[in-house]
Amino acid sequence: MDTTRFRGRSLLTWLDYDPGEIRELLELSKKVKEESRAGKINRRFTGKTLALVFEKRSTRTRCAFETAFGEEGGHPVFLSTADIQLGAKESVEDTARVLGRMFSAVQFRGFKQSTVETLAGYSGVPVYNGLTDSFHPTQVLADIMTLEENFGPCKGKKLCFVGDGRNNVARSLLVISAKLGLHFTVITPPSLNPDPGLIELCRAPAAESGARILVSADPAAVEGADALYTDVWTSMGEEDKRAERRALLEPYQVNRALMEKTGKGETIFLHCLPAIKGEEVSAELIDGPASRVWDEAENRKHTIKAIMLATLS
Ligand code: CP
Ligand code: NVA
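These notes cover the structure that comes with them. (Residues numbered from 1 in each chain as written. Chains lettered and ligands numbered in written order. Predicted model: local features only at pLDDT ≥ 70, side-chain atom pairs only at ≥ 80, totals over all residues. Heavy atoms only, no water.)

1. Some thoughts on the site of ligand 1
The full set of residues close to ligand 1 is Ser-58, Thr-59, Arg-60, Thr-61, Arg-109, His-136, Gln-139, Cys-272, Leu-273 and Arg-300. A distance of 2.8 Å is found between an oxygen atom of ligand 1 and a side-chain nitrogen or oxygen belonging to His-136. Alone, ligand 1 offers 250 Å² of accessible surface; in the complex the protein occludes 95% of this. When atom positions are compared with the pocket grids, ligand 1 is found to occupy the largest pocket. (Near = heavy atom within 4 Å. Polar contact = N/O pair within 3.5 Å; in protein donor to acceptor, adjacent residues only side chain to side chain. Areas by Shrake-Rupley, 256 points an atom, 1.4 Å probe, with all protein chains shown as cover. 1 Å grid on protein atoms, 1.4 Å probe; cavity = no way out; pocket = protein on both sides within 12 Å on 5 of 7 lines; lining within 4 Å. Sits in = over half its atoms within 2 Å of the grid points.)

2. Quick look at the pairing of strand E5 (residues 158-162)
The element E5 is extensively covered by neighbouring structure, given that five of its five residues are classed as buried. Residues Lys-158, Cys-160 and Val-162 line one face of E5 and the alternating positions Leu-159 and Phe-161 line the opposite face, and both faces are buried. Relative to strand E6 (residues 183-187), E5 is paired through five bridges, and the arrangement is parallel. Paired with Val-162 across the two strands is Ile-187, which belongs to E6. What joins E5 to E6 is helix H6 (residues 168-180), and the crossover it makes is right-handed. In the sheet, E5 pairs with strand E8 (residues 227-230) via three bridges, with the strands oriented parallel. Among the inter-strand pairings, Cys-160 is bridged to a residue of E8, identified as Leu-228. (Buried < 20%, exposed > 50% of the residue type's maximum accessible area, 1.4 Å probe, protein only. Helix = DSSP H or I, 4+ residues; strand = E, 2+ residues; numbered from the N terminus. Pairing = 2+ DSSP bridges. Right-handed = clockwise from strand over helix to strand, strands pointing away.)

3. Structural notes on the site of ligand 2
Surveying the vicinity of ligand 2 reveals the residues Leu-131, Asn-167, Asn-168, Asp-231, Val-232, Ser-235, Met-236 and Leu-273. One of the side-chain nitrogen or oxygen atoms of Asn-168 is found 2.8 Å away from a nitrogen atom of ligand 2. Here ligand 2, which alone exposes 270 Å², has 95% of that area covered by the protein. Here the residues of the shell around ligand 2 are counted per class, giving four nonpolar, three polar and one charged. (Nonpolar A, V, L, I, M, F, W, Y, C, P; charged D, E, K, R; others polar.)

4. Considering the layout of surface pockets
Approximately 480 Å³ is the volume attributed to the largest pocket. If you go around the largest pocket, you meet 24 residues; those closest to its centre are Arg-109, Val-232, Met-236, Leu-273 and Pro-274. Every element with two or more residues in the lining of the largest pocket is listed here: helix H2 (60-70) and H6. Taken together, the residues that form the lining of the largest pocket break down as eight nonpolar, eight polar and eight charged. There is about 220 Å³ of room inside the second largest pocket. Lining the second largest pocket are 13 residues; nearest its centre among them are Arg-256, Met-259, Leu-285, Pro-289 and Ala-290. Residue assignment for the lining of the second largest pocket shows that the elements contributing at least two residues are helix H9 (256-260) and helix H10 (283-286). For the lining of the second largest pocket, the element with the highest residue contribution is H9, accounting for three residues. Looking at the lining of the second largest pocket, its residues break down into four nonpolar, five polar and four charged. (Points joined across faces, edges and corners; volume = space filled by probe spheres on them.)

Written out as structure tokens, the structure reads:
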């Protein structure tokens, strides 16, 4: 793959990438997974360094970045904001300038999208959004990869996100679906509807790709879905809303009965994880045969490696 058009670029949201580029990254992810299955050892990040800045907890994202970079000969450095000066004694701009002098790339997980944007603006190196309150772009590339492993090209397939329709994962699925022509329905109570401004931004890419983007409060809207997706009812940083969300979202649990409402025998279940079994998803479903969540978690590593290979080579 010719990575020239990716070189030096950050990934803050898929809004900044065109459909052809996203498809190229999916192809590269597939190749990376095949290499991994074949036990092929490459050293494509030798001599490179990666700063992993975390304001919030992580298992999958941290492990995916750290192992993907390290096994290719790169040196990842984990920097929790409990330890570094960022947010305490130093501005984001100044931290970015310093990281850019020492690292080949930076991953950021935290609260504000503006922080990851500032890191990208001032570091001079590629910056990867490993989750903010607004977006989780590396997650949804792995989600599309998993969907395509089951059904082939996602264009024209139907994905339903059931749960907190305004969260970072739902927003990112909305963007990537609009770009790739995947029909996407958000099923959520009206008070948790996705931001109309984001839907507006997705209108043109959806018109171009043929994606139908819908928002519904009715769980019956899962009819015809190839995949049902959910996420926790309260995202990191919203812990005080737990009781309110539980009351609001209880009728939206993804379980066997809801899977049956798709009217399709082969519908799969996706979840970015971590999951609270018994809340947004029944234990029976997530641990049962329709669940693809472990493939999805593994694909985080392959897709993240592909993103870094494309932007750092
Ligand atoms: N899905 C995901 O981002 O998981 P972590 O919070 O464990 O990184
Ligand atoms: N919406 C969740 C995703 C976790 C991977 C959160 O932000 O906590």
